[in-house]
Each structure stands twice: as structure tokens, then as C-alpha cells.
Amino acid sequence: MDTSPTALFDSYEQDFKQIIQSIRDKLEGDGKDAQGEQRKAALRRVEMELDEADEMISQMEIEIQGIPQSLRPSYQSRIKASKADLQRYKKLSKEQHTQLSRSELLSRPGVSASSDEPYGATSDRTRLLAGTALLEDGSRRLLESQRIALETEEQGADILRSLRGQREQIQNARDTLQRADTSIDRASGTLKKMIRRMYQQRVVTAAIIVVLVILILVILWAKLWR
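This structure is a prediction, so every number in the text was calculated from the model and none was measured.

Thresholds, definitions, all that
Residues numbered from 1 in each chain as written. Predicted model: local features only at pLDDT ≥ 70, side-chain atom pairs only at ≥ 80, totals over all residues. Heavy atoms only, no water. Core = buried A, V, L, I, M, F, W, Y, C linked by side-chain atoms within 4.5 Å. Buried < 20%, exposed > 50% of the residue type's maximum accessible area, 1.4 Å probe, protein only. Helix = DSSP H or I, 4+ residues; strand = E, 2+ residues; numbered from the N terminus. Contact = heavy atoms within 4.5 Å. Phe/Tyr/Trp six-rings, centres within 6.5 Å; stacked < 30°, edge-to-face > 60°. Salt bridge = Lys/Arg side-chain N within 4 Å of Asp/Glu carboxyl O. Axes fitted to C-alpha atoms, helices over the stretch in contact; angles between N-to-C directions. Parallel < 35°, antiparallel > 145°, perpendicular 65-115°, else oblique. Left-handed = near helix turned anticlockwise from the far one by under 90°. Nonpolar A, V, L, I, M, F, W, Y, C, P; charged D, E, K, R; others polar. pLDDT = per-residue confidence, 0-100. Patch = residues over 30% accessible without salt bridge, like charges linked within 9 Å, V, L, I, M, F, W, Y side chains within 5 Å. Areas by Shrake-Rupley, 256 points an atom, 1.4 Å probe, with all protein chains shown as cover.

Caption draft 1: The arrangement of the nonpolar core in detail. Counting 22 residues, the largest nonpolar core has Phe9, Phe16, Ile23, Leu27 and Tyr89 as the members making the most contacts within it. Elements represented by at least two residues in this core include exactly α1 (7–27), α2 (36–63) and α3 (72–106). Those residues in contact with Ile23, other than ones at most four positions away along the chain, are Val46, Glu49, Leu50 and Tyr89.

Right, here's the structure in full:
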């Protein structure tokens with residue numbers, strides 16, 4: 001298992017590229033020629049993949065915090081390029097959603113783009129105007145949803161960064177505790193040595209006292225019996 005500081009970043013970036021390739025195939029490749037419900041399903045899938053790509057970029061932004069400063073600028077450039085790709089396909093997806101909605105509206109019975117009047121009969125014009133207003137309202141709601149999603153994503157990234165900071169604090173506390181345990185073990189060993197030396201000194205002192213007592217007794221005996 002790769003344990004380098006850039007391993008997770010590279011993994012998220014690879015996932016992002018795969019998602020972007022899938023989106024590209026649906027919006028610019030063979031998938032763009034699909035019609036009807038098949039095209040709707042493809043665009044719905046694109047929306048989900050765009051959300052997944054957003055999540056990958058958020059993870060990349062979190063992981064870059066753990067990359068050494070000397071390597072960080074090049075990885076920041078890669079994040080910037082990834083964001084540019086994501087924004088491009090978000091815009092393209094929105095445009096194709098709008099085109100599909102207009103195509104469906106114009107394909108309804110009674111709505112004709114080739115009528116003698118620019119919008120056909122009065123009732124057709126009314127329906128078209130109402131449909132356009134509905135489409136604009138849907139676009140506004142979509143933009144609002146995207147804004148809320150971005151805010152939620154930023155909040156989630158902040159929470160993840162906070163959790164990462166707390167994890168580092170816990171790791172630092174654990175390292176400090178390990179160093180304290182080592183210091184306590186050393187102090188305990190030193191204290192045991194001091195106690196052992198103290199007992200040794202007591203034994204030596206007692207032996208000296210015994211010898212002195214014996215010498216005194218010998219001297220006294222010699223004086224008394226001579």
C-alpha cells in the first residue's frame with residue numbers, strides 16, 4: 001500500500017478524471033446523439049456525476065493540506081485545472097438541459113416553429129410564453145439548488161478540515177504521552193539505582209561500624225589483660 005503523502009490526492013484525482021471522462025462521453029461523445037427519455041436519463045446521470053466530481057475536488061482540497069510545502073504548488077495547479085474542467089461541463093450540462101426542454105416544448109402538438117406567424121396561433125403563443133416562463137423558473141431553481149449544494153459542500157469541507165485538525169491534535173497528544181511514559185520509565189530506573197546504592201552504602205557503613213567495634217574490643221581486651 002502506498003503511504004506517500006500524495007497517495008490519497010493522486011487516488012482522488014484519478015477518480016475525478018474517470019468521472020469527467022464519463023461526463024464528456026455523455027455531453028460531447030456518442031451520448032449526445034441520444035433522444036427522448038434516453039437523453040433525459042443521460043443528463044440525469046451527468047448531474048449525479050457532476051456532484052461526485054465536486055466531492056472528489058473537495059477531498060483533493062483536504063488532502064493537499066498534508067502535502068509538504070515544497071510539493072504543494074504543483075498540486076494546487078492541478079486542483080485549479082480540475083475545477084476549470086468541472087465548471088466547463090456544468091455549464092455545458094445546463095445548456096443541454098435547456099435545449100432539451102425547448103425541443104420538448106416545440107415538439108408538442110399545436111406548437112410549430114415554421115408557422116406563418118412567428119409563434120403560431122395566439123393560444124400557441126400563450127402556451128409557448130408560459131412554457132418559457134416555466135423553463136426560466138426551472139433554471140432559476142436549478143441555479144439556487146447548485147448554490148445551496150456549493151454552500152453545503154463548503155461547509156462539509158470545513159467540517160472535514162476541522163476533523164483533520166482534531167485528529168492531528170490527538171496524534172500530537174498521543175506522542176506527548178508516549179514521551180512522558182518514556183521519561184517516567186527513565187526516572188523510575190534512576191530512582192531504583194539510587195535506592196540500590198543507598199542500601200549498599202548502609203551495608204558498607206554497618207560493616208565499618210562492626211569492624212570499629214571489634215577493634216575497640218580488641219584494644220580494651222589487650223589493655224585489661226596485660
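Caption draft 2: Fine view of the packing of aromatic side chains. In total, this model carries one aromatic pair according to the counting rule given. For the pair Phe9 and Tyr75, a centre-to-centre distance of 4.8 Å together with 85° between the ring planes defines the contact as edge-to-face. With a gap of 66 residues between them, Phe9 in helix α1 and Tyr75 in helix α3 connect regions that are remote in the sequence.

Caption draft 3: Spatial organisation of the pattern of salt bridges. Applying the stated criterion to the full structure yields seven salt bridges. Of the charged contacts in the structure, one is a salt bridge between Arg78 and Glu13, with a shortest N-O distance of 2.3 Å. Of the two residues, Arg78 is situated in helix α3 and Glu13 in helix α1; the sequence distance between them amounts to 65 residues. Look at Arg78 and you get partly exposed, because its relative accessible area is 29%. Residue classification places Glu13 among the buried positions, given a relative accessible area of 7%. For Lys26, the salt bridge goes to Glu49, with nearest N and O atoms at 3.3 Å. Of this pair, Lys26 sits in helix α1 while Glu49 sits in helix α2; the two residues are 23 residues apart in sequence, bridging distant segments of the chain. Look at Glu49 and you get buried, because its relative accessible area is 5%. Several salt bridges share partner residues, and in doing so they unite Asp10, Glu13 and Arg78 into one network.

Caption draft 4: Broad picture of the environment of Ser101. Considering the arrangement of structural elements, one finds Ser101 in helix α3. Along the sequence, Ser101 and Gly131 sit 30 residues apart, while their C-alpha atoms lie 9.2 Å from each other.

Caption draft 5: The packing of α2 against α3, seen in detail. Where α2 meets α3, the closest approach of the two axes is 10 Å, and the angle between their N-to-C directions is 160°. Relative to α3, the element α2 is oriented roughly antiparallel. Where α2 crosses over α3, the two elements pack in a sense that is left-handed. Packed against α2, whose contacting residues are Arg39, Lys40, Leu43, Val46, Glu47, Leu50, Ala53, Asp54, Ile57, Met60 and Glu61, the element α3 presents Ile79, Ser82, Lys83, Leu86, Tyr89, Lys90, Ser93, Gln96, His97, Leu100 and Glu104 at the interface. Of the residues assigned to the contact of α2 with α3, the class counts are 10 nonpolar, four polar and eight charged.

Caption draft 6: Spatial organisation of the confidence of the model for the protein. Confidence in the prediction for the protein averages 81 pLDDT; 86% of positions are at 70 or higher. By mean pLDDT, the top-scoring element of the protein is α1 (91), and the lowest-scoring one is helix α4 (residues 122–224) (80). The low-confidence segment residues 111–121 (pLDDT under 50) makes eight contacts with residues lying over four places distant or belonging to another chain.

Caption draft 7: Representation of the side chain of Gln59. Summarising the element assignment, Gln59 is placed in helix α2. Accessibility expressed as a relative area gives 15% for Gln59, which makes it buried. Ignoring anything within four residues of it in the chain, the contact list for Gln59 reads Tyr12 and Leu160.

Caption draft 8: Looking closely at a nonpolar patch on the surface. A surface patch of nonpolar side chains, amounting to about 940 Å² of accessible area, comprises Ile209, Val213, Ile216, Leu217, Leu220, Trp221, Leu224 and Trp225. With respect to the helices and strands, Leu220 occurs in helix α4. For Leu220, a relative accessible area of 45% corresponds to the partly exposed category.

Caption draft 9: Seen up close, the environment of Val46. On the secondary structure map, Val46 appears in helix α2. Among the residues examined, Val46 registers a relative accessible area of 0% and is labelled buried. Between the C-alpha atoms of Val46 and Ser22, which are 24 residues apart in sequence, the distance is 8.2 Å. When residues no more than four places from it in sequence are discounted, the contact partners of Val46 are Ile23, Lys26, Leu27 and Ser93.

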